[in-house]
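One letter stands for each residue in the lines below.
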Amino acid sequence: MKFNLSDWALRHKSWVWYLILVSVIAGAISYTRLGREEDPAFMIKTMIVQAALPGATAEETATQVTDRIEKKLQELSSLLHTRSVTYPGLTLVYVDLRDDTPKEDVAPTWTRVRQMMGDIQGEMPSEFAGFGFTDDFGDVYGNIYAFTADGFTPRELEDRVEAIRSQVLALPDAGKVDLIGTQAQVVHIEFSSRKLAALGLDQAAVLDSLAKQNAIVPSGMVRTSVEQILVRVTGQFSSPEALADTNLRVGDTYFALSDVAEVRSGYEDPPSSAVRHNGKAAISLLVGMRSGGNILDFGTQLEALMEEVSASLPVGIELHKVSDQPKVVEESVSHFLRALVEAVVIVLAVSFVSLGVRAGLVVTMTIPLVLALTFVVMELMGITLQRISLGALIIALGLLVDDAMIAIETMIARLEAGDDIKKAASYAWTSIAFPMLSGTLVTVAGFIPIGFNASKAGEYTISLFYVIAISLVLSWIVAVLFSPLLGSAFLPSKMAHHEVKPGRMRLAFRRVLAGAMRAKWLTIGVTVLAFALSVFSMRFVEQQFFPTSDRPELILDVTLRQNAAFQGTDAVMAKLDAFLATREEASYWSTYVGRSAPRFVLALDVPAPGPHMGQIVVMTPDLAARDALKAAVEDFSRGLTGVEVFAKYLELGPPVGKPVQFRISGPDPQVLRDHARDLAAVVSGDERLKAVSLDWSEPARVARVVLDQDKLRQLGLTQTDVAKALYALYDGATVTELRDGRMLIDVVARGAEDDRGSLSGLQSLQLGNASGMAIPLQSFATIEWTVEQPQIQTRDRMPTITVKAAIATKAQPATIVTDLEPKVQAFAETLPAGYKVVMGGAVAESADSQAPIVAVVPVMLLVMLTLVMAQVQSFRLMFVVLAVAPLGLIGVVAALLPSGAPLGFVAILGVLALIGILIRNSIILVNEIEVLIQEGASRWQAVLTASDSRARPILLTAAAASLALIPISRQVFWGPMAYAMMGGIIAGTLITLIFAPALYCAVYRVKPEPVPEPVQP
């Protein structure tokens, strides 16, 4: 006797009831313990290698340093590409790994990169200053606090915030905690070149005398027979005042330092970066959570601590909450849970209306059972509640009741046929359990491209595959194990068979079905024509990568000329601060000068830092205010000459910045720059685009000091002596350090403000030679003007300029790029050999994300074919089943075109999932046909009766699956997928019930027979 799981459940009722109770309780516990996130995490597999060659031009740095680094990195087997930004004397190399690099291999790869850089350090020029590494490029700081002060120095504020940082680090779930916006304390010695010249002094000799006086040098130890006595010498500088009062001797000249220089205590000038909150200077406390922590629990701990901190702050120091990820997550999850409840109510309504109170109740009870078990497995797998997993639960809701509906309907049919409750409850196992399992597995197989997609977008959406696969497999287990027991408990033990006269809709459907079967070739032809029309119409459906976020933040990217000074950038940012202060749409904002905002969400586009750029993050009360402020900022920024202000929203999925991008590359930066401008002109010709820019191009002025080498040698000077003197005049040279407790304060010597702010300081600059003679610079040097690149960017060792553009209309990037492609291709054909143009931006990212999907589709099809063949074991039946699969595209196009919803990355995943859903219905229909044939019915009658009897459950499950998507159809992220799946499910269901029977008749050459009156299944 074959094993029957449903019968076993009925014979072990107490044990199964116990399992049901345990499942519900365990699910409730797991739900409370599941982590919460706004969006799923994906690893940013990027490392930054920083290297310095002080004094070199950008071209020299690129050739001597950047190229060597990138060439060595090409040996990495997991390398996707390298990107570099090279400034004079400094390079930043971005190391991007392949998307299919396993997470556990990323950290060892970064270790390998460090080793590789150590291997080539000996090949660098002798002036090379070493490497720096950043492998936490993707770290997210979910909580950000800004501290502003009135009446406190920056040092005092930093000490206070540093103490708060220590308190935060003591929290159990605290991760990385950093400070930004701090200003390094510096003592400046500002020399007057005129005073030095008047006294005949060499600045280098003065600085050398200061450094020697302040050095920490051992003075020895006196050892007697009974003790050891340390010997100390005095003279080290204890304060800026002591430094200014120092008496010095250079040659035969005695003088106080204050006679030739002004000594002042201050801060780094100009700073490398600055932070403001609502226009006031601030220090930001960045708080991250440890891996595996619960963001809501951590948020509660942090909130309590910050309330204590705020209460203890002295008058004048204010704490401002800038980013509150726990609150955002709580609101996001609550929003999705409301949508989940709405979907549950919709499915319950479909169940009650279609099956009646008792049967509907049984189906209804399976939903919390499946969800509870799903929560348990999610906890075991470490899947959190976030945008993707909650959306997957909503999608799965309409699918997971399918098995329960079929099982209960079969049970009711057997009760009406006269079977007792036990036999009726166990009949589903022997009749449809395995076709249901095949159908369920085929549905799961439709999501395989998500589960095996190695791209960043695939990593972002992978929980969709896991959650749907888990819930659907569990729904089958519940249908064959728990549903029979629930049915036996809540359904009547006997049901009389009622000969109910079919209604008008059923009679009409039967007539249409019979007509389609009789005119099978016409039915097939019309269906194929509709499919061809949908394929043709796909060109009119807008394409999209990921939509913009529905969060209220507005991001302002501010870019000046690449040779802009920090003070100029800061002045522009101050104008924007003043403008935002007048706008009621801005609840508050944070300004970052010389750097980007910290990564408060994973999908933040983080540009390379530099004195010519800044970023502002503005919080608005709602989306309407966000959109209004964006328009206002764009109007205001038109009045800022030489400044680009790009107002943008946060993105969902991997960030891309400006969506339309073309990269042009070639060996000569000068030639490349000219061609890039021509390409920008081509792109600017499209009226749908705005803010067209090049990420680097314009050269910067350079004052070249031309040295007479013969005179230098006669005077006993070298090029190095001159360069150091100029560096000390304009940038400042660190002479020594003042020691203040744990702080080391640099003492920096530089020219007076009037001297270092212009070239006039060169006229009175003097240098000392080995004999102590002060020699004017003008006696052996002249000044000439030239230009050079302030920045060079490369990609895979080739100089590359990216032409970027924002979109001014509602058009999608893919549509615009498709329209531009012929013009760009024609332009590319005019380029010299060695120069090329490739597509970037959202379209390239989308293509990169879709390529792994295409690669996995054959695996998906093989799994589906195997499952279908295992079930039907006939090539002709398999053909009938599979022929329905692609026809869901008819409904997809019919839904997307009128709604205007774009076909994005997530919608594509939904379209692929439709294949499994439609094949599932076809399997159950074909199985019913074969069962009737085995019972003695003719093929015609079997096809007609099976299609008629399966119409109701198939329509019901289609209604549940499509209507359950309504709650997420209103959301920015899920809307296009919901429309695509609803249209595909509805059209595919009708096709299954009309086209599949006609195709079956054509494949098996079934001859028409008279149509009898419909019978109840």
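Let us look at the structure shown here. Note that this is a predicted model, so its numbers are computed, not measured.

Helix and strand counts for the protein come out as 34 helices and 30 strands. Taken along the three principal axes of its C-alpha coordinates, the protein extends 125 × 75 × 60 Å. Counting only residues that meet the buried cut, the protein has 54% of its 1017 residues in that class. For the protein, contacts bridging at least 24 residues in sequence account for 81% of all contacts bridging at least 6. Only carbon and sulfur atoms are counted for the fraction: they give 57% of the accessible area of the protein, which is about 43,900 Å². In the protein, 85 side chains carry a positive charge and 102 a negative one; their mean positions are 9 Å apart.

Another aspect to go through is a nonpolar patch on the surface. Taken together, the side chains of Trp17, Phe352, Val357, Leu361 and Phe490 make up a nonpolar region of the molecular surface, amounting to roughly 410 Å² of accessible area. Considering the arrangement of structural elements, one finds tryptophan 17 in helix α2 (residues 13–33).

Before going further, it helps to spend a moment on the nonpolar core. Of all hydrophobic cores here, the largest spans 177 residues; its most connected members are Ile395, Leu464, Ile919 and Trp974. If we ignore the near neighbours within four places in the chain, the residues touching isoleucine 919 are Val442, Met864, Val868, Val881, Leu882 and Ala885. Core analysis: the next-biggest nonpolar cluster, separate from the first, contains 28 residues, Ala680, Ile801, Ala811 and Val817 among them.

A few words now on helix α21 (residues 623–637). In this model, α21 (15 residues) spans 21 Å end to end at C-alpha, consistent with the 21 Å of a helix rising 1.5 Å per residue. By the burial criterion, the buried members of α21 are Ala625, Arg626, Leu629, Lys630, Ala632, Val633, Glu634 and Ser637. Looking at the buried positions of α21, the neighbouring elements they touch are β16 (553–559), α20 (566–580), β18 (613–619), β19 (644–649) and β21 (689–694). Between the side-chain oxygen at the start of α21 and the backbone nitrogen of alanine 624 there is a gap of 3.2 Å, and the oxygen is on aspartate 622.

As for its position among the elements, serine 637 is in helix α21. A distance of 3.0 Å separates a polar side-chain atom of serine 637 from the backbone oxygen of glutamate 634.

Moving on: helix α28 (residues 841–872). For α28, spanning 32 residues, the distance from its first C-alpha to its last is 46 Å, which sits close to the expected 46 Å at 1.5 Å a residue. Of all bends in α28, the biggest is about 35 degrees, found at valine 856, and the proline proline 858 comes one to four residues later. Looking one or two residues past α28, glutamine 873 carries a phi angle of roughly 50 degrees, positive in sign.

Position of aspartate 324 relative to the elements: it lies in strand β15 (residues 317–324). Filtering out sequence-adjacent residues up to four positions away, aspartate 324 remains in contact with Gly142 and Asn143.

When you tally the buried positions in strand β29 (residues 798–807), you get eight out of ten residues, the bulk of the element. Two elements, strand β20 (residues 660–665) and β29, share six bridges in a ladder whose sense is antiparallel. Paired with glutamine 661 across the strands is lysine 804, a residue of β29. Across four bridges, β21 lies against β29 in antiparallel orientation. Bridge pairing in β29 places serine 693 opposite lysine 804. Pairing analysis gives two bridges linking strand β28 (residues 792–795) to β29, with the strands arranged antiparallel. Across the sheet, residue threonine 794 finds its bridge partner in β29, namely proline 799.

What follows concerns the packing of helix α15 (residues 433–445) against α28. The relative placement of two packed helices is expressed as an angle between their axes plus a distance between the axes. Contact geometry for α15 and α28: axes closest at 9 Å, N-to-C directions at 175 degrees. The angle between α15 and α28 falls in the class roughly antiparallel. Where α15 approaches α28, its residues Phe434, Pro435, Ser438, Leu441, Val442 and Ala445 are matched on the opposing element by Met860, Val863, Met864, Leu867, Val868 and Gln871. Among the residues making up the contact of α15 with α28, the classes are represented as ten nonpolar, two polar and no charged.

Next up on the list: the packing of helix α3 (residues 58–73) against helix α4 (residues 103–120). With their axes 10 Å apart at the nearest point, α3 and α4 run at an angle of 130 degrees to one another. Between α3 and α4, the angle falls in the class oblique. Between α3 and α4 lies a crossing whose hand is right-handed. Contacts between α3 and α4 pair Arg68, Ile69, Lys72 and Leu73 from the former with Val113, Met116, Met117, Asp119 and Ile120 from the latter. Class assignment of the residues belonging to the contact of α3 with α4 gives a composition of six nonpolar, no polar and three charged.

We now examine the environment of leucine 877. By the secondary structure assignment, leucine 877 is in helix α29 (residues 875–883). You can call leucine 877 buried: its relative accessible area is 4%. Separated by 45 residues in the primary sequence, leucine 877 and serine 922 place their C-alpha atoms 9.8 Å from one another. Non-local contacts of leucine 877, meaning those with residues more than four positions away in its chain, are made with Val872, Val926, Glu930, Tyr1000 and Tyr1004.

Glancing now at the packing of aromatic side chains. Under the defined criterion, the tally for this structure stands at 13 aromatic pairs. On the basis of an interplanar angle of 45 degrees and a centroid distance of 6.1 Å, the ring pair of tryptophan 429 and tryptophan 476 is categorised as tilted. Residue tryptophan 429 is located in helix α14 (residues 421–431), and its partner tryptophan 476 is located in helix α17 (residues 456–490); the two are separated by 47 residues in the primary sequence. As far as the burial class goes, tryptophan 429 and tryptophan 476 line up, both buried. For the pair phenylalanine 579 and phenylalanine 636, a centre-to-centre distance of 4.4 Å together with 15 degrees between the ring planes defines the contact as stacked. Note that phenylalanine 579 is positioned in helix α20 and phenylalanine 636 in helix α21, a separation of 57 residues in sequence. A relative accessible area of 28% places phenylalanine 636 in the partly exposed class. Among the aromatic side chains, those forming a connected cluster through ring pairs are Phe128, Phe131 and Phe133.

By the definition in use, this model includes 35 salt bridges. In this structure, the salt-bridge partner of aspartate 136 is lysine 176, at a minimum N-O distance of 1.8 Å. Separated by 40 residues along the polypeptide, aspartate 136 in the loop between β4 (131–134) and β5 (143–149) and lysine 176 in strand β6 (residues 174–180) bring together distant segments of the chain. Judged by relative accessible area, aspartate 136 falls into the partly exposed class, the value being 25%.

Quick look at the environment of proline 125 now. Here proline 125 lies in the loop between α4 and β4. Residues proline 125 and cysteine 1001, 876 residues apart in the sequence, show an inter-C-alpha distance of 80 Å. When residues no more than four places from it in sequence are discounted, the contact partners of proline 125 are Leu53, Gln64 and Arg68.

To continue, consider the sheet that holds strand β23 (residues 733–740). Pairing between the strands of a sheet is mediated by backbone hydrogen bonds and can be parallel or antiparallel. Taken in spatial order, the four strands make up an open sheet running β12-β7-β24-β23, and their pairing is mixed. Unpaired on one side and paired on the other, β12 (261–267) and β23 mark the two borders of the sheet. Across the sheet, the axes of successive neighbouring strands diverge by a mean angle of 25 degrees, strand direction being ignored. With seven bridges connecting them, β23 and strand β24 (residues 743–751) associate as antiparallel partners. Bridging across to β24, aspartate 740 finds its partner in methionine 743. This element, helix α24 (residues 719–730), spans β23 and β24 of the sheet and lies at about 110 degrees to β24.

This paragraph deals with unusual backbone geometry. Here the residue pair aspartate 269 and proline 270 is connected by a cis peptide bond, since its omega of -5 degrees sits within 30 degrees of zero. Residue placement: proline 270 occurs in the loop between β12 and β13 (274–277). At asparagine 278, a position not held by glycine, the phi torsion is positive, near 55 degrees. By secondary structure assignment, the location of asparagine 278 is in the loop between β13 and β14 (280–289). Positive phi, close to 50 degrees, is recorded for glutamine 873, a residue that is not glycine.

Cut-offs and rules
Residues numbered from 1 in each chain as written. Predicted model: local features only at pLDDT ≥ 70, side-chain atom pairs only at ≥ 80, totals over all residues. Heavy atoms only, no water. Helix = DSSP H or I, 4+ residues; strand = E, 2+ residues; numbered from the N terminus. Buried < 20%, exposed > 50% of the residue type's maximum accessible area, 1.4 Å probe, protein only. Contact = heavy atoms within 4.5 Å. Areas by Shrake-Rupley, 256 points an atom, 1.4 Å probe, with all protein chains shown as cover. Lys, Arg positive; Asp, Glu negative; His and termini not counted. Charge placed at Lys NZ, Arg CZ, Asp CG, Glu CD. Patch = residues over 30% accessible without salt bridge, like charges linked within 9 Å, V, L, I, M, F, W, Y side chains within 5 Å. Salt bridge = Lys/Arg side-chain N within 4 Å of Asp/Glu carboxyl O. Core = buried A, V, L, I, M, F, W, Y, C linked by side-chain atoms within 4.5 Å. Expected span 1.5 Å × (residues − 1). Polar contact = N/O pair within 3.5 Å; in protein donor to acceptor, adjacent residues only side chain to side chain. Bend = angle between axes of the 7 residues up to and from the residue. Pairing = 2+ DSSP bridges. Axes fitted to C-alpha atoms, helices over the stretch in contact; angles between N-to-C directions. Parallel < 35°, antiparallel > 145°, perpendicular 65-115°, else oblique. Nonpolar A, V, L, I, M, F, W, Y, C, P; charged D, E, K, R; others polar. Left-handed = near helix turned anticlockwise from the far one by under 90°. Phe/Tyr/Trp six-rings, centres within 6.5 Å; stacked < 30°, edge-to-face > 60°.

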